[in-house]
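Remarks on the overall topology
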Amino acid sequence: MQIVCLDLEGVLIPEIWVAFAEKTQVEELKRTTRDEPDYQKLMDYRLNILDKHGFKLPQIQEVIETLEPLPGAIDFVSKLRESRELIILSDTFREFAMPLMKKLDFPTLFCHELQIAEDGKIQKVKIRLADHKRKSVQYFQKLNFEVLAGGDSYNDLGMLLTANRCTFFNPPDSITNEYPDIRVCKTYDDLYSFIVAE
């Protein structure tokens, strides 16, 4: 039996931090896991910028509410779940993801959480488990699942390289140049064909 593990941002939904950066015109917040391999370093950087500008969780959530899944993502997820188990392995946060997960009809999501002060300030990130994407794949394999994985960023590499089969989905050239042996899918049709291929 197969389990499909996909990243969320950049694969099924827009990059939330980029959308917030565009809304607030704070260019520094456009830095993502496509740019920074060290996730904790990236989040410390982001929280410092939020604190510097006085941004709080409700302001980010207002932007998230305006976002839609990437074009074609809703149909892709619906079609995929007819024949495969789908687990979203993401480094986002429940406080960010829920409005968009609702639009995707709530596939299973493994992600992190935030510690929020009463005034809405994000105090810190509560990482579920270090390297959780790779470890999740390993545990699914121990349960005798074949794992197919797709992602687009540095923080997906543990998941991708551990899976039985893997693909990048619309990654930046910098990553594909470093990992030329990993297949690249550009469309949801390509991704679906990769997943269901025997």
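Starting afresh in each chain, residues are numbered from 1 along the sequence in its written order. Residue-level local features of this predicted model are given only where pLDDT is at least 70; pairs of side-chain atoms are given and counted only at 80 or more, and the full residue set underlies all totals for whole chains, interfaces and linings. As a rule here, side-chain values cover all heavy atoms of the structure and leave hydrogens and water aside.

**What to know about the pattern of salt bridges**
By salt bridge we mean one thing: a side-chain nitrogen of Lys or Arg within 4 Å of a carboxyl oxygen of Asp or Glu. Across all of its chains, the model carries 9 salt bridges by this definition. We note a salt bridge from Asp119 to Lys56, for which the minimum N-O separation is 3.3 Å. Here Asp119, found in the loop between strand S3 (108-116) and strand S4 (122-126), pairs with Lys56, found in the loop between helix H2 (39-53) and helix H3 (57-65); they are 63 residues apart in sequence, far enough to count as distant. Between buried and exposed lies partly exposed: a residue is buried under 20% and exposed over 50% of the maximum accessible area for its type, with that area taken using a 1.4 Å probe on protein chains only. For Asp119, a relative accessible area of 47% corresponds to the partly exposed category. We classify Lys56 as partly exposed; its relative accessible area is 29%. Numbering of helices and strands runs from the N terminus, with a helix taken as a DSSP run of H or I at least four residues long and a strand as a DSSP run of E at least two residues long.

**A few points about the pairing of S4**
Strand pairing is assigned whenever DSSP identifies at least 2 bridges connecting the two strands. Here S3 pairs with S4 via 4 bridges, running antiparallel. Bridging from a neighbouring strand, Glu113 pairs with Lys126 of S4. The antiparallel hairpin formed by S3 and S4 contains 5 residues in its connecting segment, where Gly120 sits at a positive phi of about 95°.

**Here's the deal with the sheet that holds strand S7 (residues 183-185)**
Strand order in the open sheet made by the 7 strands is S4-S3-S2-S1-S5-S6-S7, with mixed pairing throughout. Edge positions in the open sheet fall to S4 and S7, since each of these has one partner strand only. Strand-to-strand, the axes of this sheet are offset by a mean angle of 25°, without reference to chain direction. In what follows, residue pairs with any heavy atoms lying within 4.5 Å of each other are defined as contacts. The convention used is that axes are lines fitted to C-alpha atoms, helices contributing only their stretch in contact, and that angles between N-to-C directions extend from 0 to 180 degrees. Seen against the sheet, H2 touches strand S2 (85-93), S3 and S4 and runs at an angle of roughly 170° to S4. Sheet strands touched by helix H9 (residues 188-196): strand S1 (2-6), strand S5 (146-151), strand S6 (165-169) and S7. Its angle to S6, the strand with the most contacts, is close to 175°.

**Side note on unusual backbone geometry**
In the Ramachandran plot, Asp131 falls in the positive-phi region, its phi being about 60° despite a non-glycine side chain. Residue position: Asp131 is located in the loop between S4 and helix H6 (132-142). Here Asn170, not a glycine, exhibits a phi torsion of approximately 45°, which is positive. Within the secondary structure, Asn170 sits in the loop between S6 and helix H8 (173-178). Overall, the relative accessible area of 28% leaves Asn170 in the partly exposed class.

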